[in-house]
Amino acid sequence: MKKTASLFKKLLALSEGETVASSKLRGDWVEEMLADGVLQKNAHGRHLGYSAPDAVAFTTYLRSRWGINDLHESIKLLEGEKETSRAVLTQATGDSKFVRQRTMTGFLVNSYTDIQATMHGSPMVIHPEEGTFTYIYDYTAFGIPDDVTIIGVENAENFRHIKRQRSLFQKCSHPLFVSRYPQNGDFLRWLMSISNHYVHFGDFDLAGIHIFLTEFFKHLGSSRSEFLLPDDIYQRLPSGSRERYEVQYDKYGAMQVIDTRLQPLVDAIHREHKGYDQEGYINLDDDIR
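Keep in mind the model is a prediction, meaning the values are calculated, not measured.

**Comments concerning the overall build of the protein chain**
Part 1: Of regular secondary structure, the protein chain possesses 11 helices and 12 strands.
Part 2: Taking all 289 residues of the protein chain together, 45% fall into the buried category.
Part 3: Considering only contacts in the protein chain between residues 6 or more positions apart, those separated by 24 or more positions represent 71%.
Part 4: Accessible area of the protein chain: about 15,400 Å², with a carbon and sulfur share of 48%.

Okay, here's the thing in structure tokens:
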């Protein structure tokens, strides 16, 4: 039995004494129900339908054989009208995996200074110990002051070593770093629910710019988002990767640069035929571990 909202509505109709056309109920499970006597065939002229002769026996059978404890609640879960959790799913259907869901929501944050924040209105400080990050699970209840600048970091090594890149963020007020991974959409949903300014820190190549334009800029616009442009990026670009440029060109070479602030960087990338990885900005001489 493939458990869908459409099927469950038919089962609900059967449990309420209605007849359902045989063309709408197919599968070995139907034959099993007929053999067990919880369904019966009804002929109406040339049309054949199914009905449940005993509603109580039918619902009991659904519960014992298929783990369907509550058809009404199951339909709400399948149609997304009811918040899901493994506990709710088990109570309604007997199956904690009845509806596919992500058990881990949220995103990782990091900071090299104290960031005053709240979770469900209670104060908390974001300043992970070196070598650790803070995971924001219930991001809809996570709050930060308006003057905090959110910096999205594409690559894991840069996210790990933000202290070694402090010189890049001197113009950013109270920077809070958020890892782009896992890519589950929660980070963007959180960004769109608040008013803080967003700075994207990614690779300085065509793909990195495309990520910013398509995943963030198109939702936040120029007033709320920008791509981080270090003062020396045009001096560093010639020492970047030609292979990276050539691999990316077919897919991103003709992309529309909807944020005109990035056109000079795109022009330089095409002129040099190079892309520069953001890891190049990690200061290896910094003695911070």
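Next comes the rest of the description.
**Section: the sheet that holds strand β8 (residues 142-143)**
Part 1: Read from one edge to the other, the open sheet built from three strands follows the order β6-β5-β8, with strand pairing classed as antiparallel. Each edge of the sheet is formed by a strand with only one pairing partner; in this case those strands are β6 (122-126) and β8.
Part 2: Bridge count for strand β5 (residues 115-119) against β8 is two bridges, and the pairing is antiparallel. From the neighbouring strand, Met-119 faces β8, where its bridge partner is Phe-142.

**A closer look at empty space enclosed by the protein**
Part 1: Enumeration according to the criterion identifies one cavity of 30 Å³ or more in this entry.
Part 2: Roughly 80 Å³ of internal volume is contained in the largest cavity.
Part 3: If you go around the largest cavity, the residues you meet are Asn-110, Ser-111, Pro-128, Glu-129, Glu-130, Gly-131, Thr-132, Phe-133, Arg-160, His-161, Ile-162 and Lys-163.
Part 4: For the lining of the largest cavity, the residue count by class is three nonpolar, five polar and four charged.

**Description of the layout of surface pockets**
Part 1: In this structure, the largest pocket encloses a volume near 490 Å³.
Part 2: Ser-167, Leu-168, Leu-229, Pro-230 and Asp-231 are, among the 24 residues lining the largest pocket, the residues nearest its centre.
Part 3: Classifying every residue of the lining of the largest pocket gives nine nonpolar, four polar and 11 charged.

**Here we look at helix α7 (residues 186-193)**
Part 1: Burial in α7 covers these residues: Asp-186, Phe-187, Leu-188, Trp-190 and Leu-191.
Part 2: Against β4 (107-110), β8, β9 (149-153), β10 (175-179), β11 (198-201) and α8 (206-220) lie the buried residues of α7.

**Observations concerning the confidence of the model for the protein chain**
Part 1: Model confidence for the protein chain is summarised by a mean pLDDT of 87, while 90% of its residues fall at 70 or above.
Part 2: Residue range residues 96-102 is modelled with pLDDT below 50. Its contacts to residues more than four positions away, or to other chains, number 21 contacts.

**A word on the pattern of salt bridges**
Part 1: According to the stated counting rule, one finds nine salt bridges in the structure shown.
Part 2: A salt bridge links Glu-130 to Lys-163, with the nearest nitrogen and oxygen atoms 3.3 Å apart. A residue pair is termed long-range when its members are at least 10 positions apart, and Glu-130 in the loop between β6 and β7 (134-136) and Lys-163 in the loop between α6 (156-160) and β10 qualify at 33 residues.
Part 3: Overall, Glu-130 belongs to the partly exposed group, its relative accessible area being 35%.
Part 4: Salt-bridge contacts for Asp-277 lead to Arg-244; the nearest nitrogen and oxygen are separated by 2.5 Å. Residue Asp-277 is found in the segment after α11 (263-272), and its partner Arg-244 is found in helix α10 (residues 242-252); the two are separated by 33 residues along the sequence.
Part 5: The exposure class of Asp-277 is partly exposed, given its relative accessible area of 27%.
Part 6: One network of salt bridges, with partners in common, ties together Glu-130, Arg-160 and Lys-163.

**Digging into the sheet that holds β9**
Part 1: In spatial order, the strands read β7-β4-β10-β9-β11-β12; together these six strands make up an open sheet with mixed pairing. A single partner strand is all that each edge strand has here, and the edge strands are β7 and β12 (225-227). When the angles between neighbouring strand axes are averaged without regard to direction, this sheet yields 30 degrees.
Part 2: With two bridges joining them, β4 and β10 adopt antiparallel strand pairing. When the bridges of β10 are listed, Asn-110 appears paired with Phe-177.

**Things to note about the nonpolar core**
Part 1: Counting residues in hydrophobic clusters, the biggest one holds 54 residues, and the most contacted among them are Ile-144, Ile-150, Phe-169, Leu-176, Phe-187, Trp-190 and Ile-209.
Part 2: Considering every element that reaches this core, the biggest residue donor is α8, with eight residues.
Part 3: Beyond its immediate sequence surroundings of up to four residues, Ile-150 is in contact with Ile-144, Leu-176, Val-178, Phe-187, Trp-190, Leu-191, Ile-194, Asn-196, His-197, Tyr-198 and Val-199.

**Topic: a nonpolar patch on the surface**
Part 1: Taken together, Met-104, Tyr-135 and Tyr-137 make up a surface patch of nonpolar side chains, about 300 Å² in accessible area.
Part 2: As for its placement among the helices and strands, Met-104 is situated in the loop between α5 (86-93) and β4.

**Examining the pairing of β4**
Regular strands have side chains that alternate between both faces of the sheet.
Part 1: In terms of strand pairing, β4 meets β7 through three bridges, oriented antiparallel. What sits directly across from Phe-107, in β7, is Ile-136.

**Remarks on unusual backbone geometry**
Part 1: Even without being glycine, His-120 reaches a positive phi, approximately 55 degrees.
Part 2: Relative to the helices and strands, His-120 is located in the loop between β5 and β6.
Part 3: The phi dihedral of His-174 is positive, around 45 degrees, even though this residue is not glycine.
Part 4: With respect to the secondary-structure elements, His-174 resides in the loop between α6 and β10.
Part 5: The exposure class of His-174 is partly exposed, given its relative accessible area of 41%.

Basis of the calculations
- Residues numbered from 1 in each chain as written.
- Predicted model: local features only at pLDDT ≥ 70, side-chain atom pairs only at ≥ 80, totals over all residues.
- Heavy atoms only, no water.
- Helix = DSSP H or I, 4+ residues; strand = E, 2+ residues; numbered from the N terminus.
- Buried < 20%, exposed > 50% of the residue type's maximum accessible area, 1.4 Å probe, protein only.
- Contact = heavy atoms within 4.5 Å.
- Areas by Shrake-Rupley, 256 points an atom, 1.4 Å probe, with all protein chains shown as cover.
- Pairing = 2+ DSSP bridges.
- 1 Å grid on protein atoms, 1.4 Å probe; cavity = no way out; pocket = protein on both sides within 12 Å on 5 of 7 lines; lining within 4 Å.
- Points joined across faces, edges and corners; volume = space filled by probe spheres on them.
- Nonpolar A, V, L, I, M, F, W, Y, C, P; charged D, E, K, R; others polar.
- pLDDT = per-residue confidence, 0-100.
- Salt bridge = Lys/Arg side-chain N within 4 Å of Asp/Glu carboxyl O.
- Axes fitted to C-alpha atoms, helices over the stretch in contact; angles between N-to-C directions.
- Core = buried A, V, L, I, M, F, W, Y, C linked by side-chain atoms within 4.5 Å.
- Patch = residues over 30% accessible without salt bridge, like charges linked within 9 Å, V, L, I, M, F, W, Y side chains within 5 Å.

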